[in-house]
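# Residue-level structure breakdown
One-letter residues, chain by chain:
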Amino acid sequence: MRLDKMISNLGIATRSEIKKIIRAGRVKVNGVVVSDASIHIKDDDTVLLDDEEIQSKNYIYLLMDKPVNVITAMEDKRLQCVGDFLSPELKAKKVSPVGRLDYHTTGLLIITNDGEFSHRMTSPKYHLPKTYLVTYSGNRLTNKQVEEASSGMTLHDTDEVIKLKPSVLELGEDNGDYHTCKLTLTEGKTHQVRRMISSWNCEVIELRRISIGSLFIDDIPEDDNNIYPIRELDFSEINQLKLELKMND
Ligand code: URA
């Protein structure tokens, strides 16, 4: 990738500012000051801006808008999986999904090869708030359920009784047969949203994860190089998530 494009993907300056920054001798590639914005950078090149590393060598962080009816796995013999949406180049970087979304759930999924980042994202110690947009059928939820969620409810639907951490339920639209709500969790018990909704005698019709910590799902542009709903996170998004995961301490 061209040096100026690589820096511009990080979202830290505009293309014209980047040209000036490079001309001013502020960028080094593998320890050497460069003045040509059009040189090509490889994944394993080290790029410094003002002596700060801005391309971390092998790590890559992707945001996918997971489609419905896709399993959160890199490979599957029978079903369509997340790995089917990644190019051979990305797969060669040994990326994998962070946590999992159910087969029928859509929305924000991070895919990376940064093991420490992935571990912290899924560890109960650092659990970031994750918000789900739920379309459900049944009687519309009320403030009673909002209070139950916020006081930390208990699930009794298996042999094991599970005490949940407090969560935030926001009541949404009432569309006749279907209603919407948002549910923000700081833990990830198996099928947690579906089980909470069904404990209130309602049924999930659609489930979409719309945010993890500071990161919100957005419309990922489609072009010739990006025919699937995937894009790289930019430098400021990665940095912000790492701050929330206390990785910069
Ligand atoms: N809760 C669920 O029930 N399913 C998901 O995919 C994510 C959270």
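So, here is what we can say about the structure in this document.

This part is about the overall build of the protein chain. From N to C terminus, the protein chain includes seven helices and 15 strands. In terms of principal-axis extent, the alpha carbons of the protein chain reach across some 65 × 40 × 35 Å. Summarising the internal contacts of the protein chain: among those between residues at least 6 apart in sequence, 61% fall at separations of at least 24. A total accessible area of about 13,800 Å² is found for the protein chain, and carbon and sulfur atoms account for 49% of it. Side-chain charges of the protein chain comprise 33 positive and 40 negative groups, with the mean position of each set lying 3 Å from the other.

Counting 33 residues, the largest nonpolar core has Val134, Leu141, Val193, Met196, Ile197 and Trp200 as the members making the most contacts within it. Elements with a minimum of two residues in this core: β5 (61-66), β7 (106-112), β8 (130-137), β12 (178-185), α6 (192-199) and β13 (203-212). Those residues in contact with Trp200, other than ones at most four positions away along the chain, are Leu141, Gln145, Glu148, Ala149, Met153 and Leu169. The next biggest cluster of nonpolar side chains, apart from the first, holds 17 residues, and it includes Ile110, Ile212, Leu241 and Leu245.

Here we come to unusual backbone geometry. Most peptide bonds are trans, and most residues other than glycine sit at a negative phi. Not every positive phi belongs to a glycine, and Asp50 is a case in point at roughly 50°. Its place among the elements puts Asp50 in the loop between β3 (47-49) and β4 (52-55). Of note in this structure, His191 is not a glycine but carries a positive phi near 50°. Turning to its location among the elements, His191 is positioned in the loop between β12 and α6. By relative accessible area, His191 is classed as partly exposed at 39%.

Right, let's get into the site of the ligand. Looking at the ligand, the residues that line it are Leu101, Asp102, Thr105, Tyr132, His191, Gln192, Val193, Arg194 and Leu207. For the ligand, an oxygen atom lies 3.2 Å from a polar atom in the backbone of His191. Within the contact set of the ligand, an oxygen atom lies 3.1 Å away from a backbone nitrogen or oxygen of Arg194. Expressed as a share of its isolated accessible area of 240 Å², the protein-covered part of the ligand is 94%. In terms of residue count, the dominant contributor to the shell around the ligand is α6 (three residues).

Moving on, we come to the side chain of Ser211. With respect to the secondary-structure elements, Ser211 resides in strand β13. In this structure, Ser211 is in contact with Leu108, Pro129, Lys130, Thr131 and Phe216, ignoring residues within four places of it in sequence.

Counted by the stated rule, this structure contains 13 salt bridges. For the salt bridge of Asp50 with Arg26, the shortest nitrogen-to-oxygen distance reads 2.8 Å. Taken together, the residues Asp50 in the loop between β3 and β4 and Arg26 in the loop between α2 (15-23) and β1 (27-29) connect sequence positions 24 residues apart. Note on Asp50: relative accessible area 41%, which makes it partly exposed. By relative accessible area, which is 36% here, Arg26 ends up partly exposed.

Our focus in this paragraph is the pairing of β8. Buried residues dominate β8, accounting for seven of its eight residues. Pairing geometry for β8 and β12, over eight bridges, is antiparallel. Considered in β12, the bridge of Thr131 is made with Thr184. Bridge analysis of β8 against β13 gives eight bridges, and the strand direction is antiparallel. Paired with Leu133 across the bridge in β13 is Arg208.

Here β5 lies mainly inside the structure; six of its six residues are buried. Burial along β5 is two-sided: the residues Tyr61, Leu63 and Asp65 and Leu62, Met64 and Lys66 are all buried. Two strands pair when backbone bridges link them, and β5 and β7 are joined in this way by six bridges, in the antiparallel orientation. Bridge assignment links Leu63 to a residue of β7, and that residue is Ile110.

Reading the values: rules and limits
- Chains are numbered independently. Their residues run from 1 in the order of the written sequence.
- Where local features are concerned, this predicted model is filtered to residues with pLDDT of at least 70; where side-chain atom pairs are given and counted, the filter is 80 or more; whole-chain, interface and lining totals use all residues.
- With hydrogens and water excluded, all non-hydrogen atoms of the structure serve as input to the side-chain values.
- Helix and strand assignments follow DSSP, with helices taken as H or I runs no shorter than four residues and strands as E runs no shorter than two, numbered in order from the N terminus.
- Contacts are assigned to residue pairs that have any heavy atoms within 4.5 Å of one another.
- Calculation of accessible area relied on Shrake-Rupley with a 1.4 Å probe; when residues are assessed, cover is drawn exclusively from the protein chains displayed.
- Positive charge is attributed to Lys and Arg, negative charge to Asp and Glu, and no charge count is given to His or to the chain ends.
- Working definition for charges: the position is that of NZ of Lys, CZ of Arg, CG of Asp or CD of Glu.
- What we call a nonpolar core is a set of buried Ala, Val, Leu, Ile, Met, Phe, Trp, Tyr and Cys residues that are connected through their side-chain atoms within 4.5 Å.
- Only protein chains enter the accessibility calculation, which uses a 1.4 Å probe; a residue is then buried when its area is under 20% of its type maximum, exposed when over 50%, and partly exposed in between.
- Whether a residue is near a molecule or strand depends on its heavy atoms: if one lies within 4 Å, it is near.
- We define a polar contact as two N or O atoms separated by no more than 3.5 Å, with the added condition that, inside protein, one atom must be a possible hydrogen donor and the other a possible acceptor, whereas residues neighbouring each other in sequence contribute only through side-chain atom pairs.
- Salt bridge, as used here, is a side-chain nitrogen of Lys or Arg placed within 4 Å of a carboxyl oxygen of Asp or Glu.
- Pairing between strands is defined by DSSP: at least two bridges between them are needed.

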